[in-house]
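Descriptive structure summary
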Amino acid sequence: MAFRPPAREGISPRKVMLTGIVPASPAYWAGQAGDSAFSPGTRLEPGTRLPGPTLAWYHPSVPHEEPIPFDYRVVYEDGDLIVADKPHFLPTTSNGRIVRETLQTRLRVDFGEEDIVPLHRLDRLTSGLVLCSRNPRTRPAYQRLFQDQAVSKHYRATVTTPLTFEDTLRLGMRRVRGQRQVIVDPAGTPTITRLSAHGSIVNVWPLTGHTHQIRVALNYLGHPIVGDDTYPVDRGLDLYDFSAPLQLAHVAMQFDDPLTSHERVFTL
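Predicted model only: the values in this text are computed from it and were never measured.

A word on the pairing of strand β5 (residues 73-77)
In this structure, β5 lies alongside strand β6 (residues 81-86), joined through four bridges in antiparallel fashion. By the bridge assignment for β6, Arg73 is matched with Asp85. Linking β5 to β6, which pair antiparallel, is a turn of three residues.

Below, the structure written as structure tokens:
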């Protein structure tokens, strides 16, 4: 197995290509590279002049973050998987602005296992079920389920005005650089969303996995989700405004287990 330093406080190390002289900080360890002059895992002493570009690992400096006052709940666990009920406002993994206050980091710290990795993501504002791998040996089999779109995911949303709709919505969607909103564009990425609504509660089964797919689909129908800070109007990003939770939750998932072939069903 290729060398990698252990995670620190649940946060994974990073790789970098060093050239010139090894900096005084942070600490660096040689990575796995066929042309490296250093054995994998060798501490690269500060001030050392490198003979050429050298792959190295280091632990990033992560400042203190304001606590997010909501926590996950474990729905299920075994030797391969952890199923967590993620709260609103807690990112699944780091989004660049938040690193410590994420579901992944909290699970790693609480379980004392640095190999815990979410197999899919929920938006920061979306609550509900997240399937996580804790076993690197079996992880690829479960990752393929999501790559092959072999996981049935059921969401439930509360919309601002009652909706009657029982159909599959097919839309092209496109992200615009520099904007938070995803736009509907016939030339964009095709998305498929099955919806069942007879009132303010909408049951949703996304058959594709585009960013903000459910939020965009319901806004397109003229029935945005209660608490949505981006659709129909982008109200700006405030990571610590907890006053209006997005009323969208991932409430069930179903798949055939790739290891046992048995059907697995998880619900809230």
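Structural notes on the side chain of Glu101
Assignment of secondary structure puts Glu101 in the loop between β6 and α1 (103-111). Given a relative accessible area of 15%, Glu101 falls into the buried group. Within the local environment of Glu101, its side chain forms a polar contact with the side chain of Arg106, the two groups lying 2.5 Å apart. The contacts of Glu101, once residues within four sequence positions are left out, are Glu65, Glu66, Pro67, Ile68, Leu90, Pro91 and Arg106.

Quick notes on the layout of surface pockets
Space left empty within the atom packing is revealed by a probe, the size of a water molecule, rolled over the atoms. Roughly 1100 Å³ of volume is contained in the largest pocket. Put simply, the parts of the chain that give the lining of the largest pocket at least two residues each are α2 (139-147), β9 (152-175), β11 (189-206) and α3 (213-220). Ranked by residue count, the leading element in the lining of the largest pocket is β9, at four residues. Here the lining of the largest pocket is composed, by residue class, of 14 nonpolar, 13 polar and eight charged.

Structural notes on the sheet that holds strand β3 (residues 43-44)
Adjacent strands of a sheet pair through backbone hydrogen bonds, lying either parallel or antiparallel. Strand order in this open sheet of four strands is β1-β4-β2-β3, and the pairing throughout is antiparallel. The two strands at the open ends of the sheet, each matched to only one other strand, are β1 (14-18) and β3.

Notes on the packing of aromatic side chains
Counting across every chain of the model gives seven aromatic pairs. Consider the rings of Tyr28 and Tyr58, whose centres lie 5.7 Å apart with planes at 50 degrees: the pair is tilted. Pair noted here: Tyr28 is in strand β2 (residues 28-30) and Tyr58 is in strand β4 (residues 54-58), with a separation of 30 residues, a long-range link. Ring geometry for Phe70 and Phe242: centres 5.4 Å apart, planes at 85 degrees, overall edge-to-face. A residue pair is termed long-range when its members are at least 10 positions apart, and Phe70 in the loop between β4 and β5 and Phe242 in the loop between α3 and β12 (248-256) qualify at 172 residues. Exposure remark for Phe242: the relative accessible area of 22% places this residue in the partly exposed category.

Definitions and limits used
Residues numbered from 1 in each chain as written. Predicted model: local features only at pLDDT ≥ 70, side-chain atom pairs only at ≥ 80, totals over all residues. Heavy atoms only, no water. Pairing = 2+ DSSP bridges. Helix = DSSP H or I, 4+ residues; strand = E, 2+ residues; numbered from the N terminus. Buried < 20%, exposed > 50% of the residue type's maximum accessible area, 1.4 Å probe, protein only. Polar contact = N/O pair within 3.5 Å; in protein donor to acceptor, adjacent residues only side chain to side chain. Contact = heavy atoms within 4.5 Å. 1 Å grid on protein atoms, 1.4 Å probe; cavity = no way out; pocket = protein on both sides within 12 Å on 5 of 7 lines; lining within 4 Å. Points joined across faces, edges and corners; volume = space filled by probe spheres on them. Nonpolar A, V, L, I, M, F, W, Y, C, P; charged D, E, K, R; others polar. Phe/Tyr/Trp six-rings, centres within 6.5 Å; stacked < 30°, edge-to-face > 60°.

Function cannot be read off these values alone, since they describe shape.
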